[in-house]
Amino acid sequence: MRCAPACYGEKMSGTAAIQSKNMQVPTKLPQHVSIIMDGNGRWAKERGKERIQGHFEGVNSVRAVMGAAVEWKIPYVSFFAFSEENWGRPEAEVNGLMELIGRAMVREMDTFRKYDVRFVVLGNRARLSDEINADIDRAMENTAGNKGLTMILFLSYSGQWDILQAAEKMAHDLMNNPGHRVRPEDLTRHLVTAGIPDPDLLIRTSGEKRISNYLLWQTAYTEFVFTETLWPDFREEAFLAALEEYASRDRRFGKIK
Ligand code: IPE
Ligand code: IPE
Ligand code: MG
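Below or above, wherever it landed, is the structure these notes cover.

So, how was this worked out
- Residues numbered from 1 in each chain as written.
- Chains lettered and ligands numbered in written order.
- Predicted model: local features only at pLDDT ≥ 70, side-chain atom pairs only at ≥ 80, totals over all residues.
- Heavy atoms only, no water.
- Near = heavy atom within 4 Å.
- Polar contact = N/O pair within 3.5 Å; in protein donor to acceptor, adjacent residues only side chain to side chain.
- Areas by Shrake-Rupley, 256 points an atom, 1.4 Å probe, with all protein chains shown as cover.
- Helix = DSSP H or I, 4+ residues; strand = E, 2+ residues; numbered from the N terminus.
- Nonpolar A, V, L, I, M, F, W, Y, C, P; charged D, E, K, R; others polar.
- Core = buried A, V, L, I, M, F, W, Y, C linked by side-chain atoms within 4.5 Å.
- Buried < 20%, exposed > 50% of the residue type's maximum accessible area, 1.4 Å probe, protein only.
- Contact = heavy atoms within 4.5 Å.
- Expected span 1.5 Å × (residues − 1).

Here the focus is the site of ligand 1. Around ligand 1, a shell composed of 13 residues is seen, among which Asp38, Gly41, Arg42, Arg51 and Arg89 lie nearest. Here an oxygen atom of ligand 1 sits 2.7 Å away from a polar atom, N or O, in the main chain of Arg42. Considered on its own, ligand 1 offers 380 Å² of accessible surface; in the complex 87% of this is hidden by protein. Of all the elements in the fold, those that place two or more residues in the shell around ligand 1 are α2 (40–46), α3 (51–71) and α4 (91–107). Grouping the amino acids of the shell around ligand 1 by side-chain chemistry returns three nonpolar, five polar and five charged.

So this is what it looks like as structure tokens:
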């Protein structure tokens, strides 16, 4: 039997659940949805569990969102998985998270192939271990030709780091072209996100209302949705609610309509 998109991943039940509840997907959907996945630690604490258990459960939320995004044909979905500042957390949590991310990436390869997902990791790769870098290279190479949804994992990423590394490259270009008048595109093409459309919608879970050094340049005209839901509880219904909120927004980009 062919597995419908609703079967994305082992536990995929989301779109089936949505269909059985007759949920309507808005017609105005974002091209790129980005998510600051926050609240894993609090989710675990509320249940008397170790923080890492919250991160484990958070992986199931990623799969739920991915399944829905494949079904609803959203072309780009990105997740903030680990910030440059997160390196300052206790070593045990950092190691646990890296192991979890590495393993999930390897485990999802079959699903990426099956649903034609292109998988991309962006961030300061120099700080990652050789082991996880090898897994990332393999996952990216194996899915590079896939034509469906692009899934981006921001790992060891910060917006300021990205702008600085792009500015350095831009400065180098300028040395060879001193009379050039700098334009936004001159920086944009050196950001690690070059070629990827800016997020139309940014969702942050867990009630925090800040950007935490995420995509600073790329969110100039992004719509923000903040939800109290903790990331491990963020499943298809919460995703749909955020998409509905997005569909109700009037984007003017500084112009008058
Ligand atoms: C988000 O959950 C995951 C990462 C930042 C890696 P947190 O670990 O920040 O969870 P809280 O915010 O402490 O609840
Ligand atoms: C932002 O969450 C980073 C990720 C979700 C990967 P944090 O939990 O690190 O952010 P702050 O410390 O609350 O701003
Ligand atoms: Mg947090």
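What follows deals with the nonpolar core. Grouped together as the largest cluster of nonpolar side chains are 45 residues, with contacts concentrated most on Phe79, Met151, Leu155 and Phe239. With residues near it in sequence (within four places) discarded, Leu155 still touches Ala81, Phe82, Ile101, Val121, Leu122, Gly123, Asn124, Leu128, Ile132 and Ile136.

The first and last C-alpha atoms of α4 sit 24 Å apart over 17 residues, in line with the 24 Å expected at 1.5 Å per residue. Taken as a whole, α4 has its buried residues at Glu93, Val94, Gly96, Leu97, Met98, Leu100, Ile101, Gly102, Ala104 and Met105. Looking at the buried residues of α4, the elements they touch are α3, β2 (76–83), α5 (109–114), β3 (118–122), α6 (130–143) and β4 (150–157).

Looking now at the environment of Arg204. Here Arg204 shows up in strand β5 (residues 201–204). The sequence separation of Arg204 and Gly96 amounts to 108 residues, and the corresponding C-alpha distance is 23 Å. If we skip the residues at most four places from it in the chain, Arg204 touches Ile36, Asp38, Arg210, Ile211, Ser212, Val225, Phe226 and Thr227.

Moving on: the site of ligand 2. Around ligand 2, the surrounding shell consists of Ile36, Met37, Asp38, Phe80, Ala81, Phe82, Ser83, Asn86, Arg89, Arg204, Arg210 and Ser212. At 2.9 Å, a side-chain N or O of Asn86 approaches an oxygen atom of ligand 2. In the model, an oxygen atom of ligand 2 is placed 3.3 Å from a nitrogen or oxygen of the Arg204 side chain. Against a free-state accessible area of 390 Å², the protein chains account for coverage of 78% of ligand 2. The element best represented in the shell around ligand 2 is β2, accounting for four residues.

On their own, these measurements won't tell you what the molecule is for.
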